[in-house]
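Listed here are the chains, written in short residue letters.
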Amino acid sequence: MAQFNYLKTFGYIMIFCSMLVLLFFLIKKGPLYLNEAWAANQAFLEIKTGILIQWFKYIIIVIISFVRVLINPEVIYYLAYGSLAVLATEIHPFFFAFHLTEFLLRYPTLRNILRSVYEPYISLILTFILVLLFIYFFTIFGYVFFISAYKGRCDELYMCFFETFDQTFKNNGGLGGYYESNVQKVPNDYNYGRFFIENFANIAVNIIAIQIFSGIIIDKFSQLRDDEQEKMFDISEMCFICGHTRYFFLYIFIYLLKREIFDRKSDEGFSQHIKNEHYLWNYVFYLAYLKEKESTEYTGIESYVYEKLEQNDISWFPIQRATILIDEERKIQQENNEIDDFENQVILYYFYF
């Protein structure tokens, strides 16, 4: 009874926490999903019709928008999160196991492990088909030449196939180990056919095919890990406004040279630059300001930026440009000019004196 009350108490806490998580998620991302769903059906609403039909279309779009929000994978997950907490409390604690999947959302590395398995599914399926073909060939040989090694579990070809597949991966030594354990050993009677089939099966399936599976998954995981590291590097080490990430040589140039200038010439270095000079949210606020402002009240610069936005043109961004870099270039140019003037004076002094 005490254990039951303990689980009940834990379950109610989980229900409360699950509902808070769901509510927070809907407040945070629900309007975004709703806006996307509404925008996707906007063309249907722009068709001019009567007032009643127009109101009916509004109702349909609202329903469709809410449905699209509810079928969003993240929304479904958090709805299941709360629902299974109720089932675990009222029916069986087994349903609490679902909440362990929260680790997959919290740690990107775990998500990448799963993605490395299901994203290259085409390559994995084709490799699995190749394995099935190999096992089918070995099954035919076993069915025709080594049926006694199956101990009555190979009366039909399909039964022989399932047994071969099962023992290839389950038995210690693969198919050869299975044959060896079922066939009585006779001195001075070496079966060269079995030698060839058993070793070929072991090499083709247990070694090569399994390594291919592992290689596909490991390569995909390495790619996902590198992408994640590159993304984090871009976030932490590059300015979103003036940085350039499309070409590698520009990427290296920005990091090695411009980052050095920021650190050397500004009070707080690169962090000061991205927080003051090129603060990301200032640009977001500016875009929101343009969206809410009447187009007839735009200034010249605002009209120019708005036209660029309509054309999906980001050339108005200060790409590869920053005030501190311009000042640095001017100072370097000034220093070079002073050096040139000094050299000219030295040359004149040498010739005339």
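- Identification of the chain as MIR domain protein from Ichthyophthirius multifiliis is taken from an unreviewed UniProt entry.
- Listed under Subcellular location (unreviewed entry) in UniProt, the entry text for the chain is "Membrane".

### Describing the overall build of the chain
Move 1: Regarding its fold elements, the chain presents 15 helices and 0 strands.
Move 2: Out of the 353 residues belonging to the chain, those deemed buried represent 28%.
Move 3: When contacts within the chain are restricted to residue pairs at least 6 apart in sequence, those whose partners lie at least 24 apart make up 59%.

### Examining the UniProt feature "transmembrane region" (unreviewed entry) in the chain
Move 1: Listed under "transmembrane region" (unreviewed entry) in the UniProt record, and renumbered for this structure, are residues 9-27, 47-71, 78-101, 121-146, 200-218 and 238-257.
Move 2: Taken end to end, residues 9-27 is 100% helix and 0% strand, and its two terminal C-alpha atoms sit 27 Å from one another.
Move 3: Helix makes up 96% of residues 121-146 and strand 0%, whereas the separation of the span's terminal C-alpha atoms amounts to 35 Å.

### Quick notes on the environment of Gly82
Move 1: The topology assignment puts Gly82 in helix α4 (residues 73-90).
Move 2: Judged by its relative accessible area of 1%, Gly82 falls in the buried class.
Move 3: Distance from Gly82 to Phe16, taken between C-alpha atoms, is 8.4 Å for residues 66 residues apart in sequence.

### Focus on the packing of aromatic side chains
Move 1: Inspection of every chain in the model, using the stated rule, returns 24 aromatic pairs.
Move 2: Taken together, a centroid distance of 5.2 Å and an interplanar angle of 80° make the contact between Tyr77 and Tyr78 edge-to-face.
Move 3: Overall, the relative accessible area of 15% leaves Tyr77 in the buried class.
Move 4: On the basis of relative accessible area, Tyr78 is assigned to the buried category, the value being 11%.
Move 5: Each ring, one from Tyr283 and one from Trp316, has its centre 6.3 Å from the other, and the planes form 35°; the classification is tilted. Of the two residues, Tyr283 is situated in helix α13 (residues 280-292) and Trp316 in the loop between α14 (300-310) and α15 (323-352); the sequence distance between them amounts to 33 residues. A single burial state applies to Tyr283 and to Trp316, both of which are buried.

### Observations concerning the side chain of His99
Move 1: Within the secondary structure layout, His99 lies in the loop between α4 and α5 (102-106).
Move 2: Residue His99 is classed as buried on the basis of its relative accessible area of 7%.
Move 3: Of note is the side chain of His99, whose polar atom sits 2.9 Å from the backbone oxygen of Tyr81.
Move 4: Contact partners of His99, with chain neighbours within four places excluded, come to Met14, Ser18, Tyr81, Leu84 and Ala85.

### Focus on the nonpolar core
Move 1: Within the largest apolar cluster, 17 residues are counted, with the highest numbers of intra-cluster contacts made by Phe138, Tyr150, Leu175, Tyr179 and Val205.
Move 2: When residues of this core are traced back to their parent elements, those giving at least two are α7 (121-145), α8 (157-170), α9 (174-182) and α10 (192-237).
Move 3: Ranked by the residues each element gives to this core, the list is headed by α10, at 5 residues.
Move 4: Excluding its chain neighbours within four sequence positions, the residues that come into contact with Leu175 are Phe138, Tyr150, Thr164, Gln167, Thr168 and Ala201.
Move 5: If you look at the next biggest cluster of nonpolar residues, it comprises 9 residues, including Cys239, Ile241, Cys242 and Leu290.

### Re the packing of α7 against α8
Move 1: Contact pair α7 / α8: the axes reach a minimum separation of 9 Å and the direction vectors enclose 115°. Relative to α8, the crossing made by α7 is right-handed. Contact with α7, carried on its side by Phe128, Val131, Leu132, Ile135, Tyr136, Thr139 and Tyr143, involves Leu157, Cys160, Phe161, Thr164, Phe165 and Phe169 of α8 and no other residues of that element.
Move 2: Of the residues assigned to the contact of α7 with α8, the class counts are 11 nonpolar, 2 polar and no charged.

### Things to note about unusual backbone geometry
Leaving glycine aside, a negative phi is the common case for residues, and trans is the common case for peptide bonds.
Move 1: The phi torsion at Asn312 lies on the positive side, around 55°, for a residue other than glycine.
Move 2: Note on placement: Asn312 falls in the loop between α14 and α15.

### Here's the deal with helix α3 (residues 51-70)
Each α-helix winds once per 3.6 residues, and so residues spaced three or four apart point in a common direction.
Move 1: A rise of 1.5 Å per residue sets the reference length of α3, with its 20 residues, at 28 Å; its end C-alpha atoms lie 29 Å apart and thus fit the reference within 8%.
Move 2: Among the residues of α3, those classed as buried are Gln54, Lys57, Ile61, Ser65 and Val69. Here the buried residues of α3 occupy an arc of 105° about the axis, which is enough to place them on one side. Those residues of α3 that are exposed and angled more than 90 degrees off the buried face are Leu52, Trp55 and Phe56.

### A short note on the packing of α13 against α14
Move 1: In the contact formed by α13 and α14, the axes pass within 11 Å of each other and the chain directions differ by 95°. One finds that α13 runs roughly perpendicular with respect to α14. Residue-level contacts link Tyr286, Leu287, Tyr289 and Leu290 of α13 to Ile301, Glu302, Val305, Tyr306 and Leu309 of α14.
Move 2: In terms of residue class, the contact of α13 with α14 is made up of 8 nonpolar, no polar and 1 charged.

Thresholds applied
- Residues numbered from 1 in each chain as written.
- Predicted model: local features only at pLDDT ≥ 70, side-chain atom pairs only at ≥ 80, totals over all residues.
- Heavy atoms only, no water.
- UniProt positions renumbered as here; feature names shortened; annotations may be inferred.
- Helix = DSSP H or I, 4+ residues; strand = E, 2+ residues; numbered from the N terminus.
- Buried < 20%, exposed > 50% of the residue type's maximum accessible area, 1.4 Å probe, protein only.
- Contact = heavy atoms within 4.5 Å.
- Phe/Tyr/Trp six-rings, centres within 6.5 Å; stacked < 30°, edge-to-face > 60°.
- Polar contact = N/O pair within 3.5 Å; in protein donor to acceptor, adjacent residues only side chain to side chain.
- Core = buried A, V, L, I, M, F, W, Y, C linked by side-chain atoms within 4.5 Å.
- Axes fitted to C-alpha atoms, helices over the stretch in contact; angles between N-to-C directions.
- Left-handed = near helix turned anticlockwise from the far one by under 90°.
- Nonpolar A, V, L, I, M, F, W, Y, C, P; charged D, E, K, R; others polar.
- Expected span 1.5 Å × (residues − 1).
- Arc of directions from axis to C-beta.
- Parallel < 35°, antiparallel > 145°, perpendicular 65-115°, else oblique.

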